[in-house]
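Per-entry structural report
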Amino acid sequence: SSHFGSRGGVVESPSPLRSWQRPHVACPLPTRSATADRPTRMASVNPDSKRGKGGPASKPEYVSEQQHGEAPAPRFGHTTTLVGNNRVVLFGGATGDSGRYTITADAYLLEVVTNTWSRIVSEGGTVPSARAAHAAACVDHSQMVVYGGATGGGSLSSDELYLLDIRSNERTQWMSVPVLGYTPGRRYGHSMVFNKPLLTVFG
């Protein structure tokens, strides 16, 4: 876990005031012997169930939405993070097909209300290297952090923590966040969640 300041989330000029630490597990997971004889309960689905006043239960349905603006290319291994005010940030991932993939450091902003994409161009700062299978989390209004990932060819990205600040439409900036303590280490395919003031990495 890493601590973030409480004054509006992340400070504008990062300083090494945040520290990584291993969480202490106060309640250990039960062993197999403790649960072996416990019956397993699974939810059942009744195909004849009704919803409302006798009407059939509605089925999930995917709808293709018309997109506008500069939409990102098809990809995998990227992250999409809700950063507030109906805005979603897409970062990184791999593009291409037929086994020929390109790892990217692309960042795009989606305005959900209008389904409009725009490319995020950083005004200075430290932009993270191209990566896929990383993790991202919103840490404050229009602020997102990125950690870890794979860079292709069996290599992993550095264990630096990066912050994207898009609070200002006139000035969007990436920055490297200085931290203290032992980092979780270089990795990919992990998950990361923010529960103020803790940023937790797992897997």
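Calculation notes
- Residues numbered from 1 in each chain as written.
- Predicted model: local features only at pLDDT ≥ 70, side-chain atom pairs only at ≥ 80, totals over all residues.
- Heavy atoms only, no water.
- Helix = DSSP H or I, 4+ residues; strand = E, 2+ residues; numbered from the N terminus.
- Buried < 20%, exposed > 50% of the residue type's maximum accessible area, 1.4 Å probe, protein only.
- pLDDT = per-residue confidence, 0-100.
- Contact = heavy atoms within 4.5 Å.
- Salt bridge = Lys/Arg side-chain N within 4 Å of Asp/Glu carboxyl O.
- Phe/Tyr/Trp six-rings, centres within 6.5 Å; stacked < 30°, edge-to-face > 60°.
- Pairing = 2+ DSSP bridges.

Backbone torsion omega between K196 and P197 reads 5°, so that peptide bond is classified as cis. Among the secondary structure elements, P197 is positioned in the loop between β19 (191–195) and β20 (198–202). One non-glycine residue with positive phi stands out, namely N86, at about 55°. Since its relative accessible area comes to 44%, N86 is described here as partly exposed.

On to the confidence of the model for the protein chain. Summary statistics for the protein chain give a mean pLDDT of 80 and a share of 74% for residues scoring 70 or more. When the elements of the protein chain are averaged for pLDDT, helix α1 (residues 32–35) gives the smallest value, 43, and strand β7 (residues 87–91) the largest, 97. Of the regions scoring below 50 in pLDDT, residues 5–17 engages in 24 contacts with residues more than four places distant in sequence or in other chains. Low pLDDT (under 50) marks residues 25–47, which in the prediction has one contact with non-local residues, meaning those over four places away or in another chain.

With that out of the way, let us pick up the pattern of salt bridges. Scanning the model with the defined rule gives three salt bridges in all. Close ionic contact of D106 with R119 constitutes a salt bridge, the shortest N to O distance being 2.9 Å. Within this pair, whereas D106 is found in the loop between β9 (100–103) and β10 (107–111), its partner R119 is found in strand β11 (residues 116–119), the two being separated by 13 residues in sequence. Overall, the relative accessible area of 15% leaves D106 in the buried class. For the salt bridge of D165 with R167, the shortest nitrogen-to-oxygen distance reads 2.7 Å. By relative accessible area, which is 36% here, R167 ends up partly exposed.

A few words on the packing of aromatic side chains. This model, assessed by the stated rule, comprises three aromatic pairs. An angle of 85° between the planes, with centres 5.0 Å apart, marks the rings of F76 and Y101 as edge-to-face. Remark: Y101 occurs in strand β9 and F76 occurs in the loop between β5 (68–69) and β6 (79–84); sequence separation between them is 25 residues. Overall, Y101 belongs to the partly exposed group, its relative accessible area being 46%. On the numbers, 5.1 Å between centres and 55° between planes, the contact of F91 with W174 is tilted. Residue F91 is located in strand β7, and its partner W174 is located in strand β17 (residues 173–177); the two are separated by 83 residues in the primary sequence.

This part covers the pairing of β10. Summarising burial for β10: four of the five residues are buried, a large majority. One ladder, built from five bridges, connects β7 with β10; its direction is antiparallel. When the sheet's bridge partners are listed, V88 is paired in β10 with L110. Judged from the four bridges that link them, β10 and β11 form a sheet pairing that is antiparallel. Each bridged residue has a counterpart across the sheet, and for L110 the counterpart in β11 is W117.

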